[in-house]
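Residue-level structure breakdown
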Amino acid sequence: MIGLFNEYRNTIRKKHLCNEFELIKCLKKDAAISSDLRSNAKQRAMDTVREIREQATPGLMEVFLVEYGLSTDEGIALMCLAEALLRVPDNETIDALIEDKIEPSDWGQHLGHSHSTLVNASTWALMLTGKVLEDGDGVSGVLKGAVKRMGEPVIRAAVSRAMKELGAQFVLGQTIEEAIERGQSQMRKGFTYSFDMLGEAAMTAADADDYFQDYARAIQFLAGHAVSDDIRKNPGISIKLSALHPRYEPRQRKRVLSELVGKVLHLAIAAKNARMGLNIDAEESERLEISLDVFEAVLSDPELASWDGFGFVVQAYSKRALPVLEWLYAQAEHFDRKLMVRLVKGAYWDSEVKRAQVEGLNGFPVFTAKANTDVSYLCCANRLGKMTDRIYPQFATHNAHTVSAILEMGIDPELYEFQSLHGMGEALHSILREKHGVGSRIYAPVGAHRDLLAYLVRRLLENGANSSFVNQIINEAIPLDEVAADPFSEISEGSPVVQLPSALYEPERINSKGLDLDNPVDLQILEQAREPFKNHQWQAEPLTATKSTSKKPAVWEVINPADMQDKVGAVTLASDEDTEAAINAAQNWESASAEKRGEILNTAADLYEENFAELFGVITREAGKTQNDCIAELREAVDFLRYYAARAQKLEQPARGIFCCISPWNFPLAIFTGQIAAALAAGNGVIAKPAEATSLTAFVAVNLLHKAGVPRTVLQLLPGEGGKIGRLLTSDRRINGVCFTGSTATAQQINRAMAGSLHPNAPLIAETGGLNAMIVDSTALPEQAVRDIVVSAFQSAGQRCSALRVL
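Here goes a summary of the coordinates provided.

About the criteria used
Residues numbered from 1 in each chain as written. Predicted model: local features only at pLDDT ≥ 70, side-chain atom pairs only at ≥ 80, totals over all residues. Heavy atoms only, no water. Salt bridge = Lys/Arg side-chain N within 4 Å of Asp/Glu carboxyl O. Helix = DSSP H or I, 4+ residues; strand = E, 2+ residues; numbered from the N terminus. Buried < 20%, exposed > 50% of the residue type's maximum accessible area, 1.4 Å probe, protein only. 1 Å grid on protein atoms, 1.4 Å probe; cavity = no way out; pocket = protein on both sides within 12 Å on 5 of 7 lines; lining within 4 Å. Points joined across faces, edges and corners; volume = space filled by probe spheres on them. Nonpolar A, V, L, I, M, F, W, Y, C, P; charged D, E, K, R; others polar. Phe/Tyr/Trp six-rings, centres within 6.5 Å; stacked < 30°, edge-to-face > 60°. Contact = heavy atoms within 4.5 Å. Core = buried A, V, L, I, M, F, W, Y, C linked by side-chain atoms within 4.5 Å. Pairing = 2+ DSSP bridges. Right-handed = clockwise from strand over helix to strand, strands pointing away. Axes fitted to C-alpha atoms, helices over the stretch in contact; angles between N-to-C directions. Parallel < 35°, antiparallel > 145°, perpendicular 65-115°, else oblique. Left-handed = near helix turned anticlockwise from the far one by under 90°.

1. Here's the deal with the pattern of salt bridges
Close approach of charged atoms allows side chains of opposite charge to pair. Per the counting criterion, the structure on display carries 47 salt bridges. The partner of Asp 486 in a salt bridge is Arg 38, with the nearest N and O atoms 2.7 Å apart. Of the two residues, Asp 486 sits in the loop between α22 (480-483) and α23 (520-530) while Arg 38 sits in helix α3 (residues 35-54), which places them 448 residues apart along the sequence. On the basis of relative accessible area, Arg 38 is assigned to the partly exposed category, the value being 24%. In this structure, Arg 383 engages Glu 326 in a salt bridge whose closest nitrogen and oxygen atoms are separated by 2.7 Å.

2. Considerations on empty space enclosed by the protein
On inspection of all chains with the given rule, the structure shows six cavities of 30 Å³ or more. Of the volumes computed, that of the largest cavity is approximately 150 Å³. Lining the largest cavity are 16 residues, and of these Ala 282, Leu 288, Phe 312, Val 313 and Gln 315 sit closest to its centre. At the level of secondary structure, the elements contributing two or more residues to the lining of the largest cavity comprise α14 (288-299), β4 (310-315) and α15 (321-334). For the lining of the largest cavity, the element with the most residues is β4, which contributes four residues. Looking at the lining of the largest cavity residue by residue, the classes come out as seven nonpolar, four polar and five charged.

3. Regarding the packing of aromatic side chains
This model, assessed by the stated rule, comprises twelve aromatic pairs. Geometrically, the ring pair formed by Phe 295 and Trp 327 is tilted, given 6.4 Å between the ring centres and 55 degrees between the ring planes. Placement of the pair is Phe 295 in helix α14 and Trp 327 in helix α15, with a sequence separation of 32 residues. Classification of Phe 295 by relative accessible area gives buried; the value is 1%. For Trp 327, a relative accessible area of 0% corresponds to the buried category. A connected cluster of aromatic rings, assembled from ring pairs, spans Phe 295, Trp 307, Phe 310, Phe 312 and Trp 327.

4. Looking at the environment of Gln 537
Here Gln 537 shows up in the loop between α23 and β9 (538-540). Overall, the relative accessible area of 38% leaves Gln 537 in the partly exposed class. In this structure the C-alpha to C-alpha distance between Gln 537 and Leu 696, which are 159 residues apart in sequence, comes to 9.7 Å. Excluding residues within four positions of it along the chain, Gln 537 makes contact with Lys 567, Val 568 and Gly 569.

5. Structural notes on the nonpolar core
Counting residues in hydrophobic clusters, the biggest one holds 109 residues, and the most contacted among them are Phe 195 and Phe 395. For Phe 395, the contacting residues outside a window of four places in its chain are Leu 343, Tyr 377, Ala 381, Leu 384, Ile 406, Ile 411, Tyr 416, Glu 417, Phe 418 and Gln 419. One finds Val 568, Val 571, Ile 676 and Leu 705 within the second-largest nonpolar core, a separate group that totals 58 residues.

6. Some words on the pairing of strand β7 (residues 417-421)
Among the five residues in β7, five count as buried, and that is most of the element. Burial along β7 is two-sided: the face carrying Glu 417, Gln 419 and Leu 421 and the face carrying Phe 418 and Ser 420 are both buried. Where strand β6 (residues 391-396) lies against β7, three bridges are found, and the strand directions are parallel. Looking across to β7, one finds that Ala 396 is bridged to Gln 419. For the handedness criterion, the β-α-β arrangement of β6, helix α18 (residues 400-408) and β7 is classed as right-handed. Pairing between β7 and strand β8 (residues 439-446): five bridges, direction parallel. Along β8, the bridge assignment pairs Phe 418 with Ser 440. Regarding the hand of the β-α-β motif, the stretch spanning β7, helix α19 (residues 426-436) and β8 is right-handed.

7. Quick look at the environment of Val 714
Structurally, Val 714 is set in the loop between α29 (695-708) and β14 (715-717). We classify Val 714 as buried; its relative accessible area is 2%. Sequence separation between Val 714 and Asn 684 is 30 residues, and the spatial gap between their C-alpha atoms is 7.6 Å. Leaving out residues up to four positions away in the same chain, Val 714 has contacts with Gln 587, Asn 588, Trp 589, Leu 680, Asn 684, Gly 685 and Val 686.

8. Comments concerning the packing of helix α25 (residues 594-610) against α29
As a packed pair, α25 and α29 sit with axes 8 Å apart at the nearest point and diverge in direction by 130 degrees. It follows from the interaxial angle that α25 and α29 lie oblique. Taken as a pair, α25 and α29 cross one another with a handedness that is right-handed. Here Ile 600, Thr 603, Ala 604, Leu 607 and Tyr 608 of α25 lie close against α29, whose contacting residues are Ala 701, Leu 704, Leu 705, Lys 707 and Ala 708. Of the residues assigned to the contact of α25 with α29, the class counts are eight nonpolar, one polar and one charged.

See below:
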């Protein structure tokens with residue numbers, strides 16, 4: 001059976017970045033969803049939407065999103081307020097935040113548009129607040145200023161209260177006790193709940209322990225409310241694995257399995273004893289494989305035998321959704337268990353697409369067209385309908401067509417349930433429960449409003465877009481047949497809806513290729529490619545147009561800074577004679593046309609990518625770079641080559657002559673290549689003096705540039721001490737310009753040397769180190785500030801945050 005599991009996992013991996021349109025064709029072929037079913041589903045959906053629109057009391061969130069969706073500046077301003085306001089401790093900052101978000105917006109355009117008196121009243125309040133906050137001139141301005149000062153406490157109280165009410169629409173309660181109390185009215189109507197204790201990606205072990213205790217306490221409390229003998233009728237809980245471990249990432253797999261599985265098992269046993277369901281929530285695509293590992297490790301424990309409540313969330317927008325369902329079913333069969341599977345559309349779409357583009361992946365892990373995701377969902381639902389002997393499907397959706405199609409599939413209503421988000425889809429799910437006898441569970445976040453950010457952003461992006469069913473359902477301006485459209489008839493099979501990562505900069509140039517270090521396939525490719533260079537020793541020497549005449553050249557031994565027993569190679573240093581010969585032989589590159597120079601630089605970029613294994617090997621062992629650093633280095637270098645190759649043809653000024661390029665140790669390939677590529681593209685000749693600590697990397701790079709076709713007289717390499725070789729180059733009148741990256745002090749020395757010898761028009765292009773100040777005010781979510789700003793800054797070598805001030 002293990003071999004079969006591996007087969008399932010290999011299938012999952014093959015689908016990760018596969019061609020979206022080929023996959024959709026396969027899904028259509030394999031789904032066996034008939035045209036009659038689709039037609040009936042559309043008619044049923046139209047009838048349902050009509051019924052919802054005729055109701056007098058649509059859900060508040062549907063009403064709100066129609067008026068203040070993500071397509072409006074005012075909607076975005078309100079979301080910013082709701083997310084940040086409740087964290088601010090002082091009145092002065094509260095007033096400033098309110099003014100910043102409310103005053104510039106045009107609230108009047110929304111006045112009286114909504115069906116909800118509450119939304120209209122809120123619009124009046126926001127409009128009047130904005131008028132009061134506007135500044136003016138003369139007597140009017142003075143009066144408004146006076147009203148503003150007198151009115152600030154009132155405005156502050158009103159907006160704060162409104163934001164709390166808005167937050168309450170997303171969060172059922174700030175504690176599990178409050179959530180149960182607030183959920184009583186829905187429970188009396190027959191709804192059940194799955195509680196999500198708000199917890200996002202623990203930053204520290206202490207955070208993870210806190211989240212674990214929150215989950216454990218919630219299960220203990222909910223046990224008193226799990227009174228049915230049927231686990232499906234009792235409340236459940238959803239957990240996020242990233243909240244339970246601060247290093248929940250594929251490259252920490254061994255540590256995660258060692259430290260996390262026991263925690264999840266403890267919670268699962270507690271849920272079993274409480275007669276509850278426990279679902280492992282879906283997260284970003286790069287965490288899917290490790291989530292499956294944790295799920296399997298927990299599921300296999302004998303203590304969970306006879307418990308039908310262990311669940312997993314599958315995202316239909318993932319290209320791997322269907323094979324994941326097959327893997328889960330195989331797991332259930334192997335361990336003789338019954339599982340719960342929540343099928344969702346997916347809530348990380350924007351970040352998944354952006355990450356793939358930023359990292360230069362071969363494709364997207366998710367469908368880019370909404371219709372394709374909807375088709376995937378229905379195909380997965382159809383497959384789940386045939387797995388009910390082992391799996392209890394939980395269809396999470398607010399889309400009338402989706403639920404109508406599932407109803408048309410004829411699955412026994414006792415064998416599955418629908419799910420909705422707290423505050424959304426109540427009218428639709430009431431119809432499902434009352435008219436069709438299908439169970440409905442509300443997915444309800446529980447936690448302090450100040451922790452709302454990540455959840456709020458996902459919900460808004462998922463439901464606030466114009467194409468969202470939640471946004472469309474009560475908007476009578478949208479025809480019924482459009483709201484209830486059959487996604488199979490809208491499948492996108494042509495060009496991608498979103499530009500592929502490789503095409504991001506077309507037509508100017510293709511994007512540099514990336515590697516996904518969270519993908520086992522890419523990791524295996526990388527490890528196999530690097531194997532020949534793990535013990536390789538490079539022998540670097542000056543690469544000049546003439547043979548070195550130095551009798552006794554100095555040689556440096558290069559040792560791996562991370563492993564002092566690892567000899568990386570040796571560097572033969574350039575002598576004074578080598579430097580003189582290089583300057584004498586140097587030629588600019590104006591003999592080649594801009595098109596030819598661009599062609600050669602593009603060839604060099606291709607060679608860089610083809611020889612990634614050697615470049616990674618030398619960068620890692622000489623400069624102490626991590627795998628992430630190596631990928632970033634190579635991609636930046638390749639982007640430099642292709643960018644300057646494209647721009648060379650647009651230059652109108654003649655070349656300056658011979659450039660001396662002096663690069664730093666902390667970006668031994670990227671900055672080194674960027675300096676050279678810019679100078680060469682403009683038709684100049686280059687004498688490159690790399691940092692002493694990373695001369696081997698420079699040697700490998702220049703060899704590739706020569707192989708691509710850059711003449712040796714046009715590009716020469718002089719490894720050596722900066723105080724010696726650098727001084728000779730920057731004070732020689734035959735040098736026409738200097739490009740330098742490094743310390744401010746060294747740049748000043750170079751400037752003085754150039755002033756004494758070089759032509760007055762010779763440029764010094766200097767990029768020097770600096771100190772960055774950072775101010776984080778109380779409106780920021782601390783975890784986001786740490787993860788996205790502080791950590792990111794420190795990962796960029798040479799960038800220091802000298803002053804971190806928190807207000």
